[in-house]
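Summary of structural features
Residues per chain, in single letters:
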Amino acid sequence: MAAIDDLKTLLSQDVSQLETLADILGREKTCLATSNLQALNELTREKNDLLGAIRERAKQKIRTLVQMGYRPESGEPSRFIRSAGLSDLLQLWLEADQKLRACQTLNQNNGRVIVHLQKRLTRLTDIFRGANGQQKLYGAHGEHTTVSSRTVLASA
């Protein structure tokens, strides 16, 4: 069946590009650690190009699955593939899904590093401007909050 072969090709491309994306995310982490902004900008462009290609293939995969009888409202595509008895295709689907989840985790970790760096930069900027006169406490979610008259429990 041509649709199955098309899906296998699309999934193989996903697996390959997700491996490349994982490598880029690893290099991105290194750039964040060393503050190499020029390399970081280049990696961001590469990452965005790869994500665009992966998103476009996701649309193609759904269209191909719909041609095979899959209904998006029926749940996960992997269940449809499993129920159709397409074990080779299922293995490829699960491999691509696992690589995608690994990339999401790497990207979230890098995002947390970026947020941390932004907070540190903001604090340093405040210090340089002399605007750090207000005391800060940790809020309910572990973030820094400025002490103001509405957060004071009592005053003399």
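Residues numbered from 1 in each chain as written. Predicted model: local features only at pLDDT ≥ 70, side-chain atom pairs only at ≥ 80, totals over all residues. Heavy atoms only, no water.

Ring pairs (aromatic) are described by centroid distance and by the angle formed between their planes. This model, assessed by the stated rule, comprises 1 aromatic pair. For the ring pair Y70 and F80, a centre distance of 5.6 Å and an interplane angle of 55 degrees mean the geometry is tilted. Of this pair, Y70 sits in the loop between helix 2 (37-67) and helix 3 (77-83) while F80 sits in helix 3, placing them 10 residues apart in sequence. F80 shares its class with Y70; the two are buried. (Phe/Tyr/Trp six-rings, centres within 6.5 Å; stacked < 30°, edge-to-face > 60°. Helix = DSSP H or I, 4+ residues; strand = E, 2+ residues; numbered from the N terminus. Buried < 20%, exposed > 50% of the residue type's maximum accessible area, 1.4 Å probe, protein only.)

Moving on: the packing of helix 1 (residues 2-34) against helix 4 (residues 87-129). Between helix 1 and helix 4, whose axes approach to 9 Å, the crossing angle comes to 20 degrees. One finds that helix 1 runs roughly parallel with respect to helix 4. The crossing of helix 1 and helix 4 is left-handed. Across the contact of helix 1 with helix 4, the residue classes break down as 19 nonpolar, 3 polar and 8 charged. (Axes fitted to C-alpha atoms, helices over the stretch in contact; angles between N-to-C directions. Parallel < 35°, antiparallel > 145°, perpendicular 65-115°, else oblique. Left-handed = near helix turned anticlockwise from the far one by under 90°. Nonpolar A, V, L, I, M, F, W, Y, C, P; charged D, E, K, R; others polar.)

A few words on the nonpolar core. In terms of nonpolar packing, the biggest core is built from 16 residues, with L11, L65, M68, F80, I81, L86 and L89 touching the most fellow members. Ignoring any residue separated from it by four or fewer positions in sequence, one finds L11 in contact with K61, L89, L92, W93 and A96. Counting residues in hydrophobic clusters, the runner-up holds 11 residues, among them L18, L25, L40 and C103. (Core = buried A, V, L, I, M, F, W, Y, C linked by side-chain atoms within 4.5 Å. Contact = heavy atoms within 4.5 Å.)

Another point: the side chain of E28. Inspection of the secondary structure puts E28 in helix 1. Residue E28 is classed as buried on the basis of its relative accessible area of 4%. Once residues lying within four places of it in the same chain are set aside, the contact partners of E28 are L40, L43, T44, K47, N107 and N110.

Our next topic: the environment of L51. As for its position among the elements, L51 is in helix 2. With a relative accessible area of 26%, L51 lands in the partly exposed category. Spatially, the C-alpha atom of L51 lies 8.3 Å from that of L21, the residues being 30 residues apart in sequence.

Turning our attention to helix 1. A rise of 1.5 Å per residue sets the reference length of helix 1, with its 33 residues, at 48 Å; its end C-alpha atoms lie 48 Å apart and thus fit the reference within 8%. In the segment just after helix 1, S35 is the residue with positive phi, at about 55 degrees. (Expected span 1.5 Å × (residues − 1).)

With 84% of its residues at a pLDDT of 70 or more, the protein chain has an overall mean of 86. Per-element confidence in the protein chain ranges from a low mean pLDDT of 63 for strand 1 (residues 136-138) to a high of 95 for helix 1. (pLDDT = per-residue confidence, 0-100.)

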